[in-house]
Amino acid sequence: MIQTKNLEFSYHSKNGMKFPDISLDQEEDLVIIGDSGKGKTTLLKLLSLLLKPLSGEIFINNTAIHTFSEREKDNFRRKHIGLVFQKSNFIQSLSLIENIQAKILFSKSKVESSAIKTILEDLGIADLMHQRMFALSEGQKQRASIALAVINNPSIILADEPTSSLDDTNSRKVINLLKATAKRSGSNLILVTHDKRIVPEFSKMIEL
Ligand SMILES: Nc1ncnc2c1ncn2[C@@H]1O[C@H](COP(=O)(O)OP(=O)(O)OP(=O)(O)O)[C@@H](O)[C@H]1O
């Protein structure tokens, strides 16, 4: 469950942004659309506690997360938030499976190896498991970043244009996996997209 109230943010004095309130019950999903520069990525960064709101409140599972200390924010993010951003955050010199194992270790989660294999197979990247990250294509990295984000069944999955480098077939695989993961773990999926085809598949939509 996620709720925001009167969220505002600005990077500098001339770019104040006010965001519509969000209210999602368990398993509801939300798609965020809007023209370039309207603040879609900024909103995801506020929800993931990477940016601090100028004013307003954010509740996740009824916890007021905007009041957390930096340390509490880091712990909460690791355990409860799955992030898929346009620039993925891998350790390039490690293999895909080593990156996944590191994520599981840092988030102090328990994930069966069969579950890892299933996710990688669903995304069509199981055969790349032992490749180092720098050897993957952009589309393969994008799918790998989705595996990394959902591997520990987070309470919220936040995805910023997760299908932007993908062809139609892989785009479908990614949307299906994000939705299926959210459903299986009872989490909320919030996705930013420019792809209008995806919009009807979500229970709620906001346009910035
Ligand atoms: N680090 C930053 N410092 C200063 N201004 C920023 C910064 N990041 C974003 N902005 C500005 O804030 C506004 C919102 O940016 P944001 O990236 O959230 O938009 P967006 O809707 O996600 O855009 P796009 O669809 O092009 O990705 C833009 O005017 C952008 O120039």
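Our structure is the block above this text.
My aim in this report is to walk through the structure given alongside it, one point at a time. Every chain is numbered independently, its residues counted from 1 as its sequence is written. At least 70 in pLDDT is required for a residue's local features to be given in this predicted model, at least 80 for side-chain atom pairs to be given and counted, and no such filter applies to totals for whole chains, interfaces and linings, which use all residues. Only hydrogens and water are removed before side-chain values are computed, so all heavy atoms of the structure are retained for them.

The next point concerns helix α5 (residues 138-150). Numbering of helices and strands runs from the N terminus; a helix is a DSSP stretch of H or I covering at least four residues, while a strand is a stretch of E covering at least two. To estimate the expected span of a helix, subtract one from its residue number and multiply by 1.5 Å. For α5, built from 13 residues, the straight-helix expectation of 18 Å at 1.5 Å per residue is met to within 8% by its first-to-last C-alpha distance of 19 Å. With respect to burial, α5 is a largely interior element, eleven of its 13 residues being buried. Only protein chains enter the calculation, and the probe is 1.4 Å; a residue is then buried if its accessible area is under 20% of its type maximum, exposed if over 50%, and partly exposed in between. Residues Gly-139, Lys-141, Gln-142, Arg-143, Ala-144, Ser-145, Ile-146, Ala-147, Leu-148, Ala-149 and Val-150 constitute the buried set of α5. We call two residues contacting when some pair of their heavy atoms lies within 4.5 Å. For α5, the secondary structure elements touched by its buried residues are β7 (81-84), α3 (96-106), α4 (113-122), β8 (156-160) and α6 (168-184).

Let us now look at a positive patch on the surface. There is a patch of like positive charges on the surface, built from Arg-71, Arg-78, Lys-79 and Lys-108. Tracing the sequence through the fold places Arg-78 in helix α2 (residues 70-80). Under the relative-accessibility criterion, Arg-78 is labelled partly exposed at 40%. A patch is a set of surface residues, each over 30% in relative accessible area and not in a salt bridge, joined within 9 Å for like charges and within 5 Å for the nonpolar side chains Val, Leu, Ile, Met, Phe, Trp and Tyr. Only the protein chains shown count as cover for residues, with accessible areas throughout obtained via the Shrake-Rupley method and a probe of 1.4 Å. Here, a salt bridge means any side-chain nitrogen of Lys or Arg that lies within 4 Å of a carboxyl oxygen of Asp or Glu. Positive charges come from Lys and Arg, negative ones from Asp and Glu, while His and the chain ends are left out of the count. By convention, the point assigned to a charge is CZ for Arg, NZ for Lys, CD for Glu and CG for Asp.

Time to look at the pattern of salt bridges. Here the structure, examined in full by the defined rule, presents eight salt bridges. One salt bridge in this structure joins Lys-179 and Asp-29, with 3.0 Å as the shortest N-O distance. Taken together, the positions of Lys-179 in helix α6 and Asp-29 in strand β4 (residues 29-33) put the pair 150 residues apart, joining distant regions of the chain. On the basis of relative accessibility, which here comes to 22%, the residue Lys-179 falls in the partly exposed class. On the basis of relative accessible area, Asp-29 is assigned to the buried category, the value being 10%. Two residues, Arg-132 and Glu-98, come together in a salt bridge whose shortest N-O distance is 3.9 Å. Residue Arg-132 is found in the loop between α4 and α5, and its partner Glu-98 is found in helix α3; the two are separated by 34 residues along the sequence. Owing to a relative accessible area of 40%, Arg-132 belongs among the partly exposed residues under this scheme. With a relative accessible area of 33%, Glu-98 lands in the partly exposed category.

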